[in-house]
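Observations on the three-dimensional arrangement
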Amino acid sequence: MARRAEPAMAAAPVDLHGRTVIVTGASPGSLGFETARTLTAWGADVVVTTRSRTEATVAALGGGATGHPLELADATSVRDFADWFASRHDRLDALVNNAGIHLDLRSSWKQPTLVDGHEIHWRTNYLGTMQLTHALLPVLAATGNARVVNVVSKLHERGRNEFLFAPITPYDSWVAYGTSKLALIHAATEVERRVEGVRGYSLHPGSVFTHIADRGLDGHRVLGAARRVLAPLERRMLRTPAEGAQTSLHCATAQQAEGGYYRDCRPAQPSDDAQDPEVAARLWDVTAEWVGGR
């Protein structure tokens, strides 16, 4: 019998009354949804985002949350969300950047799919997330002792610093995904270094059964059918979304948690590439220029 993944450590409950938290990518069945549900139960004013059916997601959370659509690959959508949030809130204690995509799981793409001239994983997972983060930095900094929490992946180890500034050659969608997550680790480091009053976190949630692979298998009827058949086994082997959300919760709320990279609610070591401060600083500067042009 296949061995189940090690259970996640549990984040300690925190009284969050009076605090406001944004969780992106919170559709039902996701890490974001379980993160938002727990934060709401702990008393936070939680704002969630989804690409669609946002009202249904808020209803599924059972009260205590509000929501707004957000498409990270659309600069106008990001601006609209930031403006909407600013019109309703004057504080933000934590931004949990959970939303993201992982496409082409079969590694069949020979050339990258582009959005706004950028590879789609980079445009969505990194640039979209950073446009949102930069838009919200003023309210985060004004709140004081706020947090930016970037949900990444162990697959950041497949990313390379050289591909942060140049096309991936030869193209590989898994390397592209890993590079987008590597960039988010650098971003968390620079948020903490550059923005007074804001801590930066990145984390690997573990191997979790979610629906992120569904979109990655769109159009592949045989593989999609096979995954549905094997879903019960996959569920037994992987962590549940609630288990996977624990490190996000810890980074967003634990008073003793210093900024950095986390796994299983503990500080951990990311890849060697993720620990290069010169690359992190250069990437921040290049990204800020791009964000300024949005």
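Reading the values: rules and limits
Residues numbered from 1 in each chain as written. Predicted model: local features only at pLDDT ≥ 70, side-chain atom pairs only at ≥ 80, totals over all residues. Heavy atoms only, no water. Salt bridge = Lys/Arg side-chain N within 4 Å of Asp/Glu carboxyl O. Helix = DSSP H or I, 4+ residues; strand = E, 2+ residues; numbered from the N terminus. Buried < 20%, exposed > 50% of the residue type's maximum accessible area, 1.4 Å probe, protein only. pLDDT = per-residue confidence, 0-100. Contact = heavy atoms within 4.5 Å. Expected span 1.5 Å × (residues − 1). Bend = angle between axes of the 7 residues up to and from the residue. Polar contact = N/O pair within 3.5 Å; in protein donor to acceptor, adjacent residues only side chain to side chain. Pairing = 2+ DSSP bridges. Right-handed = clockwise from strand over helix to strand, strands pointing away.

Quick look at the pattern of salt bridges
Close approach of charged atoms allows side chains of opposite charge to pair. In this structure the tally under the stated criterion is 9 salt bridges. Taking the shortest distance from any N to any O, the salt bridge between Glu 190 and Arg 193 comes out at 2.9 Å. Taken together, the positions of Glu 190 and Arg 193, both in helix α5 (residues 173-194) and 3 residues apart, correspond to about one turn of that helix. Glu 190 is paired through a salt bridge with Arg 194; the nearest N and O atoms lie 2.7 Å apart. In this pair, Glu 190 and Arg 194 are both assigned in helix α5, 4 residues apart and thus about one turn of the helix distant. Residue Glu 190 is classed as buried on the basis of its relative accessible area of 1%. Taken together, the shared-partner salt bridges connect Glu 190, Arg 193, Arg 194 and Asp 285 into one network.

Examining the confidence of the model for the protein
Looking at the protein as a whole, its pLDDT mean stands at 91, while 87% of the residues score no less than 70. The low-confidence segment residues 226-233 (pLDDT under 50) makes 8 contacts with residues lying over four places distant or belonging to another chain.

Comments concerning unusual backbone geometry
Cis geometry is found at the peptide bond from Thr 169 to Pro 170, where omega equals -10°. Along the chain, Pro 170 turns up in the loop between β7 (146-151) and α5. The backbone of Asn 145 shows a phi angle near 55°, a positive value even though the residue is not glycine. Checked against the element boundaries, Asn 145 lands in the loop between α4 (120-143) and β7. Judged by relative accessible area, Asn 145 falls into the exposed class, the value being 51%. Phi is positive for Cys 265, which is not a glycine, with a value near 65°.

Remarks on α4
Taking 1.5 Å of rise per residue, the 24 residues of α4 would be expected to cover 34 Å, and the 33 Å separating its terminal C-alpha atoms lies within 8% of that figure. At Leu 137, α4 is deflected by roughly 45°, the largest bend along its length, and proline Pro 138 occurs up to four residues later in sequence. For α4, the buried fraction is high: 20 of the 24 residues fall into the buried class. Capping of α4 at its N-terminal end is provided by Glu 119; its side-chain oxygen lies 2.8 Å from the backbone amide nitrogen of His 121. Taken from the residues just after α4, Gly 144 is the one with a positive phi, measuring 85°.

A word on the pairing of β7
For β7, the buried fraction is high: 6 of the 6 residues fall into the buried class. Neither face of β7 is exposed, since Ala 146, Val 148 and Asn 150 on one face and Arg 147, Val 149 and Val 151 on the opposite face are all buried. As paired strands, β7 and strand β8 (residues 198-204) are joined by 6 bridges and run parallel to one another. Bridge pairing links Val 151 to Leu 203 in β8. Considered for its hand, the β-α-β crossover made up of β7, α5 and β8 is right-handed.

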